Number of protein chains: 2
Amino acid sequence: MNIRQKLSAEETITRILDVAEEHFRRVGYAKTAVADLAEALGMSSANIYRFFPSKGAINQAICKRLLNESHDIITTIMANGGSAATRLQDVLLALNAFNKSRYTAERRMHEMVAIAMEENWAVVQEHMTFLVGCIARLIAEGVAQGEFRPHTDVMLTALLVKKSCSCILHPMLIAESERMGPQDAAQSRALVDFIIDALKI
Amino acid sequence: MNIRQKLSAEETITRILDVAEEHFRRVGYAKTAVADLAEALGMSSANIYRFFPSKGAINQAICKRLLNESHDIITTIMANGGSAATRLQDVLLALNAFNKSRYTAERRMHEMVAIAMEENWAVVQEHMTFLVGCIARLIAEGVAQGEFRPHTDVMLTALLVKKSCSCILHPMLIAESERMGPQDAAQSRALVDFIIDALKI
């Protein structure tokens, strides 16, 4: 396969994912068939199946792409200067904002998220591991810089920080909270501050 | 209406709720019609409608009954002697255990919980208010006894404590966690300790 063909395959995959994501958001995951996507893309279902063995595989790829976007945001913040506490606060609030805009703005999206979480547990699990790893690194840096008190098990503490922020990070909980009225940004910030204070000396 | 008739109405309501709860758990909320409940109860649908205007109203009453059970558990712990920190820990872990056993042991139950949360938001909201009020009282007692550091806004701190425990209290998150394997009791305890430490002097 030459470079031209390889680029074209990548482009095709991107197009399939773009169109599928738009369909899943607008029409719903359950109500969208691979044939509908084929029609919208102006290609055969067989051509879609060359790249994705099933509708579930397409959803998994969309899910992975969204998670990669959030990883990029986290990685950028991690590389910033500034105290560990500030960067930890930024990571948690940026993820809150990202998840809010990407997963819960549209009703249909809940279905995709729920299915992704049930069917593509490995992808979600990988994301959790990445996030907890980043939090652990920030805690360790904070301890080294004398900002945070020492923790006997940094990975456990990082997991607890992530867990205690579930209500501002978990798509389903953000959505539930949004149903009660627009989520209060000041309250998300207060929660993050409360958790970070727990780490401080 | 004399006392005998009144008792009988209460007993009828209890029977309807018992049978409905069993049906919703076993068959599913969506798949159960009021006529099915009537048949199982050996009474007419019209008689059920004398007490509950709709299937939704029955679900709301079941939901309220479950929440009242958890209120009794909380009230009992609140009245115990012991430090505020210990009682707060007991309240959070007892609620975790209660929700785990009542809401997530059976797959069908998720549907009931999800519907209850969407349709009967007032009942859920009332429960949240009760829980946050109890946590606030324990924090205030802890501050008075010199266990906890002073908080400028005890109600906000109580809300943050509740929010930070979402992943061990929220039925949907407990269920999600259970799907990954039996939930680690030691981890729930570690989370509660982490949060309570944040309150301490």
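Since this is a predicted model, take the numbers as computed values, not measurements. (Residues numbered from 1 in each chain as written. Chains lettered and ligands numbered in written order. Predicted model: local features only at pLDDT ≥ 70, side-chain atom pairs only at ≥ 80, totals over all residues. Heavy atoms only, no water.)

So, the interface of chain A and chain B
Under the convention used in this document: Contacts are assigned to residue pairs with any non-hydrogen atoms lying within 4.5 Å of each other. Put simply, buried area is the surface a 1.4 Å probe can reach on two separate parts but cannot reach once they are joined, added for both. As used in this structure description, the phrase polar contact means that two N or O atoms lie within 3.5 Å; if the pair is within protein, one of them must be able to donate a hydrogen and the other to accept it, and residues adjacent in sequence are counted only when both atoms belong to side chains. Helix and strand definitions follow DSSP, with helices as H or I runs of at least four residues and strands as E runs of at least two, each counted in order from the N terminus.
Contacts between chain A and chain B engage 26 residues on the former and 27 residues on the latter. The contact between chain A and chain B buries some 2,600 Å² in all, and 69% of this surface belongs to carbon and sulfur atoms. At the junction of chain A and chain B, the tally comes to two residue pairs in polar contact (both at pLDDT 80 or more). When residues of the side of chain A that touches chain B are traced back to their parent elements, those giving at least two are helix 6 (107–119), helix 7 (121–144), helix 8 (154–164), helix 9 (166–169), helix 10 (171–179) and helix 11 (185–199) of chain A. Per-element tally for the side of chain A that touches chain B: the top contributor is helix 11 of chain A, with seven residues.

A word on the relation of the copies chain A and chain B
The condition that has to hold: Least squares is used to superpose the copies, and the fit set is the C-alpha atoms of residues whose pLDDT is at least 70 in both copies.
When chain A is fitted to chain B, the residual RMSD is 0.0 Å, and the transformation amounts to a turn of 180 degrees plus an axial shift of 0.0 Å. Here the copies are linked by what is in effect a two-fold axis. When the interface residues of chain A are mapped onto chain B, 100% of them again fall at the interface, so both copies present the same face.

A few points about the packing of helix 7 of chain A against helix 8 of chain A
Residues and elements named next belong to chain A. Our working rule: Between the N-to-C directions of two axes lies an angle of 0 to 180 degrees, each axis being a line fitted to C-alpha atoms and, for a helix, fitted only over the stretch in contact. Handedness of a crossing follows from how the near helix is turned relative to the far one, being left-handed for an anticlockwise turn of less than a right angle and right-handed for a clockwise one. Any residue that is not Ala, Val, Leu, Ile, Met, Phe, Trp, Tyr, Cys, Pro, Asp, Glu, Lys or Arg is counted as polar, Gly included; the first ten are nonpolar and the last four charged.
The N-to-C vectors of helix 7 and helix 8 enclose an angle of 115 degrees; their axes lie 8 Å apart at closest approach. Note on packing geometry: the crossing formed by helix 7 with helix 8 is right-handed. Between helix 7, through Met128, Leu131, Val132, Ile135, Ala136, Ile139 and Ala140, and helix 8, the contact on the second element is made entirely by Val154, Met155, Thr157, Ala158, Leu159, Val161 and Lys162. Residues of the contact of helix 7 with helix 8, tallied by class, amount to twelve nonpolar, one polar and one charged.

Some thoughts on the confidence of the model for chain A
How we decide: Residue-level confidence of the predictor, termed pLDDT, takes values from 0 up to 100.
For chain A, per-residue confidence averages 87 on the pLDDT scale, and residues scoring 70 or more make up 90% of the total. Both scores are given for the predicted complex: the pTM is 0.85, the ipTM 0.83.

A word on the packing of aromatic side chains
Any two aromatic rings considered together are summarised by their centre-to-centre distance and by the angle between their planes. Residues and elements named next belong to chain A. Here is the rule we go by: Between the rings of Phe, Tyr and Trp (Trp by its six-membered ring), a pair exists once the centres lie within 6.5 Å; its type follows the angle of the planes, with under 30 degrees stacked, over 60 edge-to-face, and the other angles tilted. Charge-over-ring placement is defined geometrically: NZ (Lys) or CZ (Arg) within 6 Å of the ring centre, and within 35 degrees of the ring normal.
With the rule as written, the count across this model stands at two aromatic pairs over all chains. Here the aromatic rings of Phe24 and Tyr29 are separated by 4.9 Å at their centres, their planes lie at 70 degrees, and the arrangement is edge-to-face. For Lys55, the ring lying beneath its charged end belongs to Tyr29, and the centroid distance is 4.4 Å.

Some points on the domain arrangement of chain A
Residue and element names in this part refer to chain A. To be explicit about the condition: Start and end points for every domain follow an automatic or database-based domain assignment. Counted as salt bridges are all cases of a side-chain nitrogen of Lys or Arg within 4 Å of a carboxyl oxygen of Asp or Glu.
Here the domain parsing of chain A yields domain 1 (1–53) and domain 2 (55–199). Contact with domain 1, which involves 20 residues of that partner, is made by 17 residues of domain 2. Summed over the shared surface of domain 1 and domain 2, the result is two salt bridges. One salt bridge in this structure joins Arg65 and Asp18, with 2.9 Å as the shortest N-O distance. For the pair domain 1 and domain 2, the interface holds five residue pairs in polar contact (both at pLDDT 80 or more). Only helix 1 (3–26) and helix 2 (34–41) provide two or more residues apiece to the side of domain 1 that touches domain 2.

Overview of the pattern of salt bridges
Residue and element names in this part refer to chain A. In total, this model carries 14 salt bridges over all chains according to the counting rule given. Between Glu22 and Arg26 there is a salt bridge whose closest N-O contact spans 2.6 Å. Of this pair, Glu22 and Arg26 both sit in helix 1, four residues apart, which is roughly one turn of the helix. When salt bridges that share partners are traced, they join Asp18, Glu21, Arg25 and Arg65 into one network.

Let's talk about the packing of helix 11 of chain A against helix 11 (residues 185–199) of chain B
The test is simple: If an angle is under 35 degrees, it is roughly parallel; if it is over 145, roughly antiparallel; if it lies from 65 to 115, roughly perpendicular; otherwise it is oblique.
Two elements in contact, helix 11 of chain A and helix 11 of chain B, have axes whose closest approach is 9 Å; the angle formed by their N-to-C orientations is 85 degrees. Taken as axis vectors, helix 11 of chain A and helix 11 of chain B run roughly perpendicular relative to one another. Contacts between helix 11 of chain A and helix 11 of chain B pair A:Phe194, A:Ile195, A:Ala198 and A:Leu199 from the former with B:Phe194, B:Ile195, B:Ala198 and B:Leu199 from the latter. Split by residue class, the contact of helix 11 of chain A with helix 11 of chain B holds eight nonpolar, no polar and no charged.

Here's the deal with the environment of A:Ala20
Residues and elements named next belong to chain A. One can find Ala20 in helix 1. Here the alpha-carbon distance between Ala20 and Val34, two residues 14 residues apart in the chain, equals 8.7 Å. When sequence neighbours within four positions are dropped, the list of residues in contact with Ala20 reads Leu37, Ile58 and Ile62.

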